[in-house]
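Secondary and tertiary structure notes
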Amino acid sequence: LTLLMSVADFEDWGLYPGDHLLHLDSFVDTQRIKTAVDGRRAALLHRMRSAGFIKKKDKLTFLVGVANTIGTPYLLAACPEWFPTWYTFKAITLLTWRFVSYYSQNWHYFLLDFCYFVNLLCLVYLHVWPSQELFILCWRCEFHFA
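Rules and cut-offs
Residues numbered from 1 in each chain as written. Predicted model: local features only at pLDDT ≥ 70, side-chain atom pairs only at ≥ 80, totals over all residues. Heavy atoms only, no water. Helix = DSSP H or I, 4+ residues; strand = E, 2+ residues; numbered from the N terminus. Buried < 20%, exposed > 50% of the residue type's maximum accessible area, 1.4 Å probe, protein only. Contact = heavy atoms within 4.5 Å. Areas by Shrake-Rupley, 256 points an atom, 1.4 Å probe, with all protein chains shown as cover. Patch = residues over 30% accessible without salt bridge, like charges linked within 9 Å, V, L, I, M, F, W, Y side chains within 5 Å. Salt bridge = Lys/Arg side-chain N within 4 Å of Asp/Glu carboxyl O. Expected span 1.5 Å × (residues − 1). Core = buried A, V, L, I, M, F, W, Y, C linked by side-chain atoms within 4.5 Å. Phe/Tyr/Trp six-rings, centres within 6.5 Å; stacked < 30°, edge-to-face > 60°. Polar contact = N/O pair within 3.5 Å; in protein donor to acceptor, adjacent residues only side chain to side chain. Axes fitted to C-alpha atoms, helices over the stretch in contact; angles between N-to-C directions. Left-handed = near helix turned anticlockwise from the far one by under 90°.

Focus on the overall build of the protein
- Per the secondary structure count, the protein includes 6 helices and 0 strands.
- In sequence order, the protein lays out its α and β elements as α-α-α-α-α-α.
- Taking all 146 residues of the protein together, the buried fraction comes to 18%.
- Sequence-distant contacts, at least 24 apart, represent 28% of the contacts inside the protein between residues at least 6 apart.
- For the protein, the accessible surface area stands at approximately 12,200 Å², while carbon and sulfur atoms represent 68% of it.

Encoded structure:
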């Protein structure tokens, strides 16, 4: 391509004769990269619009989350004596799972977030130090930062 073009062609485009290789190579690279990105974008959009994009794991997680949102307040209202056992089981299970999954990805410093601290504080309230001040602190903070 560069051999078929004359110096006058480059000067017409506002390029200097010594710069023609640089400009043509960057133009070809830019076009190749743009074509590759457009192809990947089209493939991603096609995959997202397909029926199988939402995985069964996502559906199950959503179902369990909604059931938990409905079931936990019901348990608290209907059988308050069972709530500490349920909350302890749920907190230990989910916090352990979160620790293992975050630690394997080197995200364990995210566990220093305030919401994890409040969940541990709620466990302390339920089993170690049940005072009214700690109860108010736990539940107000949990609802604000959940």
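Regarding a nonpolar patch on the surface
- On the surface, a cluster of nonpolar side chains totalling about 300 Å² of accessible area is made up of L60, L63 and V64.
- Along the polypeptide, L63 turns up in helix α3 (residues 56–78).

Here's the deal with helix α5 (residues 114–127)
- The first and last C-alpha atoms of α5 sit 20 Å apart over 14 residues, in line with the 20 Å expected at 1.5 Å per residue.
- Along α5, the residues classified as buried are Y116, V118, N119, L121, C122, L123 and Y125.

Describing the nonpolar core
- Counting 6 residues, the largest nonpolar core is built from F83, Y87, A91, V118, C122 and L123.
- Looking at this core, the elements that each hand over two or more residues are α4 (83–104) and α5.
- Setting aside residues no more than four positions away along its own chain, A91 makes contact with T96 and L123.

Re the packing of aromatic side chains
- Inspection of every chain in the model, using the stated rule, returns 6 aromatic pairs.
- Relative to W107, the ring of Y102 has its centre 5.7 Å away and its plane inclined at 80°; by these criteria the two rings are edge-to-face.
- When its relative accessible area of 41% is taken as the criterion, W107 is described as partly exposed.
- Relative to F110, the ring of Y102 has its centre 6.4 Å away and its plane inclined at 75°; by these criteria the two rings are edge-to-face.
- Look at Y102 and you get buried, because its relative accessible area is 17%.
- Residue classification places F110 among the exposed positions, given a relative accessible area of 53%.
- Three or more aromatic residues link up through ring pairs in this structure, and these residues are Y102, W107 and F110.

Here's the deal with the environment of K90
- Mapped onto the elements of the fold, K90 is located in helix α4.
- Expressed as a C-alpha distance, the spacing of K90 and N68, which sit 22 residues apart in the sequence, is 9.8 Å.
- Among residues more than four places away in sequence, those in contact with K90 are N68 and T72.
- In this structure the side chain of K90 is engaged in a polar contact, spanning 3.2 Å, whose partner is the side chain of T72.

Describing the packing of α4 against α5
- At a closest axis distance of 11 Å, the pairing of α4 and α5 adopts a crossing angle of 145°. The interaxial crossing formed by α4 with α5 has left-handed handedness. Between α4, through P84, Y87, T88, A91, L95, R98 and Y102, and α5, the contact on the second element is made entirely by Y116, N119, L120, C122, L123, L126 and H127.

Focus on the side chain of T72
- The residue T72 is located in helix α3 in this model.
- Residue class for T72 comes out buried when judged on its relative accessible area of 12%.
- Setting aside its immediate chain neighbours within four residues, T72 contacts F83, W86 and K90.

Geometric descriptors of this kind do not, in isolation, establish any biological role.
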